[in-house]
Amino acid sequence: MSPFLGELLGTMMLVLFGDGVVANVVLNKTKGQNSGWIVITSGWAFAVVVGVFTAIAFGSPGAHLNPAVTVFFSMLSGDWSNAGTLIAGQFIGAFIGAVLVYLAYLLHWKETENSALKLATFCTAPAVRSAGANLVTEIIGTFALVVGVAAIFSKGVSPTGPVAALGPYLVGVLVWGIGLSLGGPTGYAINPARDLGPRIAHAVLPIPGKRDSDWGYSWIPVVGPIVGAILGALLVKPLLG
């Protein structure tokens, strides 16, 4: 049990469930093929809940699962001593989770001709490609995430925080809302590990008929969430005193 292990296993479960629902919707001959955006956003919300509970159970009480969230809380506390360890666990866990999705849907990669859909199973891509606009979307989405998380656990809402074990469900609802409201332009990565770890997995796995891993876009789901987290911390920290 350790924060590193908790973040690794929690992020692994996050990506296993999250990328798993995308695979179920976009790959050919699955039971959930073409079931739509509401299924994807719901699946990612459930993925957050499972990931957070897993992280807490295995030694990471903060259950960040996201380098942007780690940056946000490190800025609020001024303590960066564990940030590197947590972020390393998140990226490793995200990569492993993506490999598990690849194995779970092993027979469906060659059944799917569209290489862009195969890539979409692992990482995000913009609906309309424009680096500046896409970056702004990821900044806003992550800003909403970290400010929403801060509000959920704020003593202004409850002096003792959410009722025990309720917090992960509330964060899941928050991510569900972000996906429904802000996910259209870029697929709401809002998490560098969730996007880059599986993107690397896509690059190295022997996926039949895959395309390149869209490295030209890959910096946006990394930089955007970090900037959004920094802006969120700059807003929230003075309010928390």
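Residues numbered from 1 in each chain as written. Predicted model: local features only at pLDDT ≥ 70, side-chain atom pairs only at ≥ 80, totals over all residues. Heavy atoms only, no water.

What about the pattern of salt bridges?
Alright, step 1. For the coordinates displayed, the defined rule picks out five salt bridges.
Alright, step 2. As a salt-bridge pair, Asp19 and Arg194 come within 3.6 Å of each other at their nearest N and O atoms. Of this pair, Asp19 sits in helix H1 (residues 3-26) while Arg194 sits in helix H8 (residues 192-204), and the two are 175 residues apart along the sequence. With respect to class, Asp19 is no different from Arg194; both count as buried.
Alright, step 3. Arg199 is the salt-bridge partner of Asp195, the closest N and O atoms lying 2.6 Å from each other. Taken together, the positions of Asp195 and Arg199, both in helix H8 and four residues apart, correspond to about one turn of that helix. Arg199 matches Asp195 in its accessibility class, with the two residues each being buried. (Salt bridge = Lys/Arg side-chain N within 4 Å of Asp/Glu carboxyl O. Helix = DSSP H or I, 4+ residues; strand = E, 2+ residues; numbered from the N terminus. Buried < 20%, exposed > 50% of the residue type's maximum accessible area, 1.4 Å probe, protein only.)

Overview of the packing of aromatic side chains
Alright, step 1. Counted under the stated rule, the structure contains five aromatic pairs.
Alright, step 2. Both rings, one in Trp37 and one in Tyr188, keep their centres 5.8 Å apart while their planes meet at 70 degrees; by these two values the pair is edge-to-face. With Trp37 in helix H2 (residues 37-57) and Tyr188 in the loop between helix H7 (167-182) and H8, this pair connects stretches of sequence that are 151 residues apart.
Alright, step 3. Overall, the relative accessible area of 38% leaves Trp37 in the partly exposed class. (Phe/Tyr/Trp six-rings, centres within 6.5 Å; stacked < 30°, edge-to-face > 60°.)

Remarks on a nonpolar patch on the surface
Alright, step 1. A surface patch of nonpolar side chains, amounting to about 580 Å² of accessible area, comprises Phe4, Ile92, Ile96, Leu100, Leu103, Leu106 and Leu107.
Alright, step 2. Top element by residues in the nonpolar patch is helix H4 (residues 83-104). It accounts for four residues.
Alright, step 3. Secondary-structure assignment places Phe4 in helix H1.
Alright, step 4. The exposure class assigned to Phe4 is partly exposed, which follows from its relative accessible area of 31%. (Patch = residues over 30% accessible without salt bridge, like charges linked within 9 Å, V, L, I, M, F, W, Y side chains within 5 Å. Areas by Shrake-Rupley, 256 points an atom, 1.4 Å probe, with all protein chains shown as cover.)

Scope: geometric values only; no functional claims are made or implied.
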